Amino acid sequence: TRTIFSNIRIRVIASAWWHRSWINSGKFSPAGARLDNKIQAPQAAVEEGDMTTIFEKILCGEIPSVKIYEDALVFAFMDAGQVNPGHVLVATKKPYETLLDADEESVIALMRVAHKIAKAIQIAFQPEGITLLQTNKPAGWQTVPHLHMHVVPRFLNDGAELVWPRNNPGIEKMREYAAKIKVL
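Reading guide: rules and limits
Residues numbered from 1 in each chain as written. Predicted model: local features only at pLDDT ≥ 70, side-chain atom pairs only at ≥ 80, totals over all residues. Heavy atoms only, no water. Salt bridge = Lys/Arg side-chain N within 4 Å of Asp/Glu carboxyl O. Helix = DSSP H or I, 4+ residues; strand = E, 2+ residues; numbered from the N terminus. Buried < 20%, exposed > 50% of the residue type's maximum accessible area, 1.4 Å probe, protein only. Expected span 1.5 Å × (residues − 1). Contact = heavy atoms within 4.5 Å. Polar contact = N/O pair within 3.5 Å; in protein donor to acceptor, adjacent residues only side chain to side chain.

Under the counting rule described, the total for this entry stands at six salt bridges. Its salt-bridge partner being K93, residue E70 comes within 2.9 Å of it at the nearest N-O pair. Taken as a pair, E70 in strand β1 (residues 67-70) and K93 in the loop between β3 (88-92) and α3 (104-125) lie far apart in primary sequence, 23 residues in all. Assessed through its relative accessible area of 24%, K93 is described here as partly exposed. One salt bridge in this structure joins R175 and E172, with 2.7 Å as the shortest N-O distance. One end of the pair, R175, and the other, E172, are both in helix α4 (residues 171-180), three residues apart, so they sit about a helical turn from each other. Each of K67, E70 and K93 takes part in salt bridges that share partners, so that together they form one network.

Written out as structure tokens, the structure is:
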């Protein structure tokens, strides 16, 4: 298993850390979760036979959380693995696994609420920047199989890094790539 993010000191499925006894009860075992505070590539989305996501459990109150927003399509709550104070997760109420599975209305609602929360975080915490992070499938760094977006207040040298190789294919190769993309 390889570490996806370098030097980030957050927990994988942070919301579950609100209640350590629940984690230690044996009921919490998401693939890739580790208690050494590093995000790991998940091996499987959920335990076999258990299709309820941790966010569904938070939404229905089965797992304690600090909700800050809720409407008909999305809800938002404090990420227990705060990268910086004010780190919030916005998730769809319907348990879409990825952005690609969701209906357009839910995706629009997710971004609309992330925008509102980002503005509120800016006022409350006055960060030097804000990172919005939405990932899809394990290869895309998704660790919870439920559509969500991180809204993370950022400061220079806060220790959070997002690292990937930068390739420079040249303009002709990029034109070739673009010709393959058919926007629906």
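From this point, things continue past the structure.
Our next topic: α3. Here α3 contains 22 residues, and its C-alpha end-to-end distance of 31 Å stays within 8% of the 32 Å for a straight helix at 1.5 Å per residue. Within α3 the residues assigned to the buried category are S106, A109, L110, V113, A114, I117, A118 and I121. On its buried face, α3 sits against β1, β2 (74-78), β3, β4 (129-133) and β5 (148-154). The N-cap of α3, judged by a side-chain oxygen 3.2 Å from the amide nitrogen of E105 a few residues on, is D103.

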